[in-house]
Amino acid sequence: MTEDLSREFLTYFTFENDKCICEIEKVADNKTNRLVENLVVKKVKEKDIPVAYFYGEGLKLSDIKDKSKNNILGEFLGIKKDDLYTYKSFFEKYGFLFTLDDDDFYSIDIDKVNDLKNNLLAFVFLMNNQFDNYLFYKVNSVQELLDATLYLIFKDESEFIIGDKEVFTIKKSKVKTVIDGANSHNESSHNIKQKIVNGQKIEYFEIKDLLSKNGINEIDVETYNDIKLGNFPQWFKNLCRVYKNKRQLLDDPKYNIVVDFLFHFSTEYLTFSQSDISLEGTFEDNLYEDITKDRKLLKALMEVSKILLEDEFETNLSSVTPKFNINDMKPDWKLPSLYTALYFSLFYMNSKENELRKCKNDNCKEFFQVSRTNSRKIYCSLVCCNAVAQRNYQKKQLQKKK
């Protein structure tokens, strides 16, 4: 068996999703009493949508020959926020993200669907930028990596409910959980030390810090108290408390680097608001340029992103179990939902060789899997390539007439 066939055999998995129908209805908003559009979905009995992972291509429908626009993950990530009609088309084509009970229409909270999509998109940004040898020189790559890292650290817990049943929960990161609870922690002063500076006695905390010279950082007690009492975001005050008391507050020392990175970024660059975090650019361009040149902080950012990747995989794939496909006589997996299958497709993607690239067709913006060395492929399909060529041709014709 050749290497390619061996890899294809090992990375192929299947999934059958329930077919559904979707409707967009108009309902009265409880606050404004105005009519707003709402998406409802219903399972279609005894109709399944066969899905499979194809090596080098990703997750696709397995029962159609034309795969030019058959890209489940990329199409989902390319949907614009609150675009009910595109969501409707996506769910009718591939089925809903989670299992639906029979015979009922269920109202879907699009804000929650957007949360699911953004969580997945942030994860993709981290994977895309793990193996870029030129990361230190690419501002766009650093922007994606930094925004996605902050997004996954500070995301709020979000429960996805269908009817009255919780079907999935986006978990808070372990570091955010600790930061949120740090305000109730009773601090000790066991690590206060003293030194004489210019004839004055200075009290300071000696803190183990992976980003500081010799692994130790010193913070004046007065400075630390000013932060706690000052006009800073509450999360930053809590972060400083966690930073100072890592041994007491962090159960796993692997998260020390996450806390150290957040502390140095916030004190050396910008103390931001959590509500400002965006996957489309949280900060001004010059900040990303400065981070690109800061080798120490950028290296720490890479380490933090790897920890987040590990945690996200562990959380989102915890319900996947192995099974044997007796029809194909191959190993397979039992997946609880299409959403889990999307994460599982990333689990099986060789991200050292491949990346998910955004289509350059402005009317598309879907992501597609492509070799990292293939710099010429910029469109997700021939459909988009032809569409852009046609638009460019029409522009030239109009310019000639002028």
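Looking at an unreviewed UniProt entry, the protein carries the name CGNR zinc finger domain-containing protein, with the source organism given as Anaerococcus faecalis.

**Student:** Looking at this structure, I do not really get the overall build of the protein. What am I missing?
**Tutor:** A tally of helices and strands in the protein yields 14 helices and 13 strands. Evaluated residue by residue, the protein yields a buried proportion of 46% over its 402 residues. Long-range pairs, those at least 24 residues apart, make up 60% of the contacts in the protein with a sequence separation of at least 6. Here the protein displays about 22100 Å² of accessible surface, and carbon together with sulfur accounts for 47% of that area. Once the 60 positive and 64 negative side-chain charges of the protein are each reduced to a mean point, those two points are 5 Å apart.

**Student:** It is not clear to me how the environment of Pro 322 should be interpreted in this structure. Could you clarify?
**Tutor:** Inspection of the secondary structure puts Pro 322 in strand E10 (residues 321–325). Residue class for Pro 322 comes out exposed when judged on its relative accessible area of 64%. Separated by 12 residues in the primary sequence, Pro 322 and Lys 334 place their C-alpha atoms 5.9 Å from one another. Those residues within four positions of Pro 322 in sequence are excluded, and the remaining contacts are Asp 332 and Trp 333.

**Student:** Where do I start with the pattern of salt bridges in this structure?
**Tutor:** A side chain with one charge can pair with a side chain of the opposite charge if their charged atoms come near. This structure, assessed with the given rule, holds 16 salt bridges. The closest approach of N and O atoms between Lys 88 and Glu 92, which form a salt bridge, is 3.0 Å. Placement of both Lys 88 and Glu 92 in helix H3 (residues 84–94) is noted, with a separation of four residues, approximately one turn of the helix. Two residues, Lys 176 and Asp 180, come together in a salt bridge whose shortest N-O distance is 3.4 Å. Within this pair, Lys 176 and its partner Asp 180 are both found in helix H6 (residues 174–181), separated by four residues, close to a single helical turn. You can call Lys 176 buried: its relative accessible area is 3%. Bridged by salt links that share partners, the residues Asp 156, Lys 172, Lys 176 and Asp 180 form one connected network.

**Student:** When you look at the packing of helix H4 (residues 110–128) against helix H13 (residues 338–348) in this model, what are you seeing that I'm missing?
**Tutor:** Packed helices, taken two at a time, are described by the angle their axes make and the gap between the axes. In the contact formed by H4 and H13, the axes pass within 11 Å of each other and the chain directions differ by 5°. What the angle tells us is that H4 and H13 run roughly parallel. Residues Leu 116, Asn 119, Leu 120, Phe 123, Val 124 and Met 127 of H4 form the contact with H13, whose participating residues are Tyr 339, Leu 342, Tyr 343 and Leu 346. For the contact of H4 with H13, the residue count by class is nine nonpolar, one polar and no charged.

**Student:** I'm lost on the packing of aromatic side chains in this one. Help?
**Tutor:** Scanning the entire structure with this criterion turns up 36 aromatic pairs. Ring geometry for Phe 154 versus Trp 235: centroids 5.0 Å apart, planes at 65°, classification edge-to-face. Here Phe 154 is found in helix H5 (residues 139–154), whereas its partner Trp 235 is found in helix H8 (residues 234–244), with 81 residues between them in sequence. Residues Phe 154 and Trp 235 agree in their burial class; the two are buried.

**Student:** What is the right way to read the sheet that holds strand E7 (residues 192–197) from this model?
**Tutor:** Strand pairs in the sheet, formed through backbone hydrogen bonds, run parallel or antiparallel to each other. Taken together, three strands build an open sheet; the order of strands is E7-E8-E9 and the sheet is antiparallel. Taken across any chain shown, the strands that pair with only one partner, and hence form the sheet edges, are E7 and strand E9 (216–220). For this sheet the average axis-to-axis angle between neighbouring strands, irrespective of direction, equals 45°. Examined bridge by bridge, E7 and strand E8 (residues 200–208) share six bridges and lie antiparallel to one another. Within the sheet, the bridge partner assigned to Lys 195 lies in E8 and is Ile 202.

**Student:** Is there a simple way to think about the nonpolar core in this case?
**Tutor:** Across soluble globular proteins, you tend to see nonpolar side chains buried next to one another. Phe 76, Phe 91, Phe 96, Leu 97, Leu 262, Tyr 339 and Leu 346 are the most contacted members of the largest nonpolar core, which has 108 residues in total. For this core, the leading source of residues is H4, giving 11 residues. The contact partners of Leu 97, leaving out residues within four places of it in the chain, are Phe 76, Phe 90, Phe 91, Val 113, Leu 116, Ser 337, Leu 338, Tyr 339 and Leu 342. Membership of the second largest hydrophobic core comes to eight residues, among which are Cys 364, Phe 368, Cys 384 and Val 388.

**Student:** Quick question: what am I supposed to make of the packing of helix H10 (residues 256–268) against helix H12 (residues 295–316) here?
**Tutor:** Put simply, H10 and H12 touch, their axes get as near as 9 Å, and they point 140° apart. In terms of orientation, H10 and H12 fall into the oblique class. Pair H10 / H12 crosses with left-handed handedness. Mapping the contact onto sequence places Ile 257, Val 258, Phe 261, His 264 and Phe 265 in H10 and Leu 297, Ala 300, Leu 301, Glu 303, Val 304 and Ile 307 in H12. Residues belonging to the contact of H10 with H12 are distributed by class as follows: nine nonpolar, one polar and one charged.

**Student:** Even after reading the chapter, I still don't get a nonpolar patch on the surface, so can you show me in this structure?
**Tutor:** There is a patch of nonpolar side chains on the surface, built from Phe 324, Ile 326 and Met 329 and spanning about 360 Å² of accessible area. Turning to its location among the elements, Ile 326 is positioned in the loop between E10 and strand E11 (330–334).

**Student:** I'm lost on the pairing of strand E6 (residues 165–170) in this one. Help?
**Tutor:** Side-chain direction in a regular strand flips from residue to residue, so the side chains alternate between the two faces of the sheet. Looking at chain direction, strand E5 (residues 158–162) and E6 are connected through five bridges and run antiparallel. Note that in E6 the partner of Ile 162 across the bridge is Lys 165. Between E5 and E6, which pair antiparallel in sequence order, lie two residues; one of them, Gly 163, sits at a positive phi of approximately 70°.

**Student:** I would appreciate a short explanation of unusual backbone geometry in the present structure.
**Tutor:** Across residues other than glycine, the phi torsion is negative in most instances, and most of the peptide bonds are trans. With phi around 55°, Asn 198 is a residue other than glycine that occupies positive phi space. Residue Asn 198 is classed as exposed on the basis of its relative accessible area of 78%. Its identity as a non-glycine residue notwithstanding, Lys 365 has a phi of 65°, on the positive side.

Thresholds applied
Residues numbered from 1 in each chain as written. Predicted model: local features only at pLDDT ≥ 70, side-chain atom pairs only at ≥ 80, totals over all residues. Heavy atoms only, no water. Helix = DSSP H or I, 4+ residues; strand = E, 2+ residues; numbered from the N terminus. Buried < 20%, exposed > 50% of the residue type's maximum accessible area, 1.4 Å probe, protein only. Contact = heavy atoms within 4.5 Å. Areas by Shrake-Rupley, 256 points an atom, 1.4 Å probe, with all protein chains shown as cover. Lys, Arg positive; Asp, Glu negative; His and termini not counted. Charge placed at Lys NZ, Arg CZ, Asp CG, Glu CD. Salt bridge = Lys/Arg side-chain N within 4 Å of Asp/Glu carboxyl O. Axes fitted to C-alpha atoms, helices over the stretch in contact; angles between N-to-C directions. Parallel < 35°, antiparallel > 145°, perpendicular 65-115°, else oblique. Nonpolar A, V, L, I, M, F, W, Y, C, P; charged D, E, K, R; others polar. Phe/Tyr/Trp six-rings, centres within 6.5 Å; stacked < 30°, edge-to-face > 60°. Pairing = 2+ DSSP bridges. Core = buried A, V, L, I, M, F, W, Y, C linked by side-chain atoms within 4.5 Å. Left-handed = near helix turned anticlockwise from the far one by under 90°. Patch = residues over 30% accessible without salt bridge, like charges linked within 9 Å, V, L, I, M, F, W, Y side chains within 5 Å.

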